[in-house]
Amino acid sequence: AFGTVIKCQAAVAWEPNVPMVIEEIEVAPPQKNEIRIKVIATGVCHSDLYHLFEGKHKDGFPAVLGHEGAGVVESVGPGVTEFKPGDKVIPLFVSQCKECRFCKSPKTNLCEKSWSTERYAQMSNTDTRFSCRGKPVLQFMGTSTFSEYTVLNQIAVAKIHDDAPLNRVCLLGCGISTGYGAAINTAKVEPGSVCAVFGMGAVGLAAVMGCKNAGASRIIAVDINEQKFEKAKVFGATDFVNPKAHKKPINEVLTDMTNGGVDYSLECVGNVAVMRSALESCVKGWGVSVLVGWTDLHDFSARPIQLIAGKTWKGSLFGGFKGKDSIPKLVLDYMAGRIKLEEFVTHTVSLEQINDAIQLMKTGGCIRTIVNVSK
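Residues numbered from 1 in each chain as written. Predicted model: local features only at pLDDT ≥ 70, side-chain atom pairs only at ≥ 80, totals over all residues. Heavy atoms only, no water.

(A) Region of the structure containing helix α4 (residues 202-213). An ideal rise of 1.5 Å per residue puts 16 Å on 12 residues; α4 measures up with 16 Å between its terminal C-alpha atoms. Within α4, 10 of the 12 residues are buried, leaving the element largely enclosed by the surrounding structure. Where α4 is buried, its residues contact α3 (175-187), β11 (194-198), β12 (218-222), α5 (229-235), β14 (264-267) and β18 (368-372). Two residues or fewer past α4, Gly215 is found with a positive phi of approximately 95°. (Helix = DSSP H or I, 4+ residues; strand = E, 2+ residues; numbered from the N terminus. Expected span 1.5 Å × (residues − 1). Buried < 20%, exposed > 50% of the residue type's maximum accessible area, 1.4 Å probe, protein only. Contact = heavy atoms within 4.5 Å.)

Here it is, written out as structure tokens:
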């Protein structure tokens, strides 16, 4: 019913470095311009792990994690016109207000109204619609898909096709869009080019898929876990390199393989040493290296000659996609067979098994685990 508090199950991260706890939480009704969403399915992304085990910012807890989800509108607050109960939606961790200077520019997908403008370290706003045992619980990345219900401002929700399978298109809420867009929007991979992708998790595999769809002639998959190479082949990788199998540094291995370096490299790990290797693997004159993996713990470094000699070092958030405009189109691309999603999914669990899903990702035992949040 409109305007009532909902009690539901959610995985609460009470503090860093500790497993999440399935709790009954209270979800307040949507306020002006807000939408309450029943979450049907969510992926588990490395940024969820990062917050819990690496970033560990004390002001970022307690929180409900999860930012790669899909669901159905349960109710809408005053002032919401573009959504109605029953609509299928994907929550967006990068909002699109369509009014700020970033939204009005075709050069970026950032939005000034996003949680991320001020609070990168905490990875959430202070404002929340969640409480548990009388305490406010933060909404991680503004989304919190590890809950049966969540509340978002309408600028951070994309309406998608009524026939979209939510347990697959949820992956477009982060990882797949991030990697795919990094290749096509940020690197702007050209037909016939040579690419290298570092890290064969879901984001890296999506980057491989982007390079392939952009017409790259060679796509070199780089990972220290050779078990990932079979998957990489499915997405279009042509060559496979394990840095640990070589005495030479990986950038020299790639330079030797490609007559001086690749045209495009994408770092999909979130490791500053790998970022440097990726830059150094690019050809001088026009090589482009893109930072895709999320980390905010260390400085990155390289010698100035790398850029003076004509290379470009850049990065993107959420693949450079403006969420409200692009995510519905990506859903249609999936439904038409133009992009793969099924092939990323290796495990499926219930919300009660969320800590198992986190463990699988920590050990590299999965590509993507889908959590069926609500029936």
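(B) Focus on the side chain of Glu68. Mapped onto the elements of the fold, Glu68 is located in the loop between β4 (63-64) and β5 (69-76). Filtering out sequence-adjacent residues up to four positions away, Glu68 remains in contact with Ala41, Thr42, Gly43, Val44, Cys45, Thr145, Cys170, Leu171, Gly173, Cys174, Gly175 and Arg368.

(C) Up close: the packing of helix α1 (residues 46-55) against helix α10 (residues 354-362). Two numbers describe how α1 lies on α10: the axes approach to 10 Å, and their chain directions differ by 95°. The angle between the axes of α1 and α10 places the two elements in the roughly perpendicular class. Along its contact with α1, which presents His46, Leu49 and Phe53, the element α10 presents Ile358, Met361 and Lys362. Taken together, the residues of the contact of α1 with α10 sort by class into four nonpolar, one polar and one charged. (Axes fitted to C-alpha atoms, helices over the stretch in contact; angles between N-to-C directions. Parallel < 35°, antiparallel > 145°, perpendicular 65-115°, else oblique. Nonpolar A, V, L, I, M, F, W, Y, C, P; charged D, E, K, R; others polar.)

(D) Representation of the sheet that holds strand β16 (residues 312-315) in the model. Taking strand neighbours across the sheet as the criterion, the six strands line up as β13-β12-β11-β14-β15-β16 in an open arrangement whose pairing is parallel. Two strands bound the open sheet, and with one partner strand each, they are β13 (239-241) and β16. Strand after strand, the sheet turns through a mean of 20° between neighbouring axes, direction not considered. In this fold α3 packs onto β14, β15 (288-291) and β16, with an angle of close to 135° to the strand it touches most, β15. Running at roughly 175° to β14, helix α7 (residues 272-280) makes contact with β11, β14, β15 and β16 of the sheet. (Pairing = 2+ DSSP bridges.)

(E) Local environment of unusual backbone geometry. Cis peptide bonds are those with omega within 30 degrees of zero, and the linkage from Phe61 to Pro62 qualifies with -10°. Tracing the backbone through its elements, the reader meets Pro62 in the loop between α1 and β4. For Asn33, which is not glycine, the phi torsion reads 65° and is therefore positive. Mapped onto the elements of the fold, Asn33 is located in the loop between β2 (21-27) and β3 (34-43). One non-glycine residue, Arg133, lies in the positive phi region at around 50°. In this structure, Arg133 sits in the loop between β7 (130-132) and β8 (135-139). Arg133 sits in the exposed class, given a relative accessible area of 63%.

(F) Region of interest: the pairing of β11. Summarising burial for β11: five of the five residues are buried, a large majority. Here β11 shows two buried faces, one formed by Val194, Ala196 and Phe198 and the other by Cys195 and Val197. In this structure, β11 lies alongside β12, joined through five bridges in parallel fashion. Pairing of Val194 across the sheet is with Arg218, part of β12. Assessed by its sense of winding, the connection that carries the chain from β11 through α4 to β12 is right-handed. (Right-handed = clockwise from strand over helix to strand, strands pointing away.)

(G) View of the environment of Gly60. Mapped onto the elements, Gly60 comes out in the loop between α1 and β4. Along the chain, Gly60 and Gly215 lie 155 residues apart, while their C-alpha atoms are 41 Å from each other.

(H) Region of interest: the pattern of salt bridges. Inspection of every chain in the model, using the stated rule, returns 16 salt bridges. For Glu26, the salt bridge is made with Lys7, and the minimal N-O distance between the two is 3.9 Å. Pair noted here: Glu26 is in strand β2 and Lys7 is in strand β1 (residues 6-13), with a separation of 19 residues, a long-range link. What makes Glu26 partly exposed here is its relative accessible area of 34%. For Arg101, the salt bridge goes to Glu112, with nearest N and O atoms at 2.9 Å. With a gap of 11 residues between them, Arg101 in the loop between β6 (88-91) and β7 and Glu112 in the loop between β6 and β7 connect regions that are remote in the sequence. The exposure class of Arg101 is exposed, given its relative accessible area of 59%. (Salt bridge = Lys/Arg side-chain N within 4 Å of Asp/Glu carboxyl O.)

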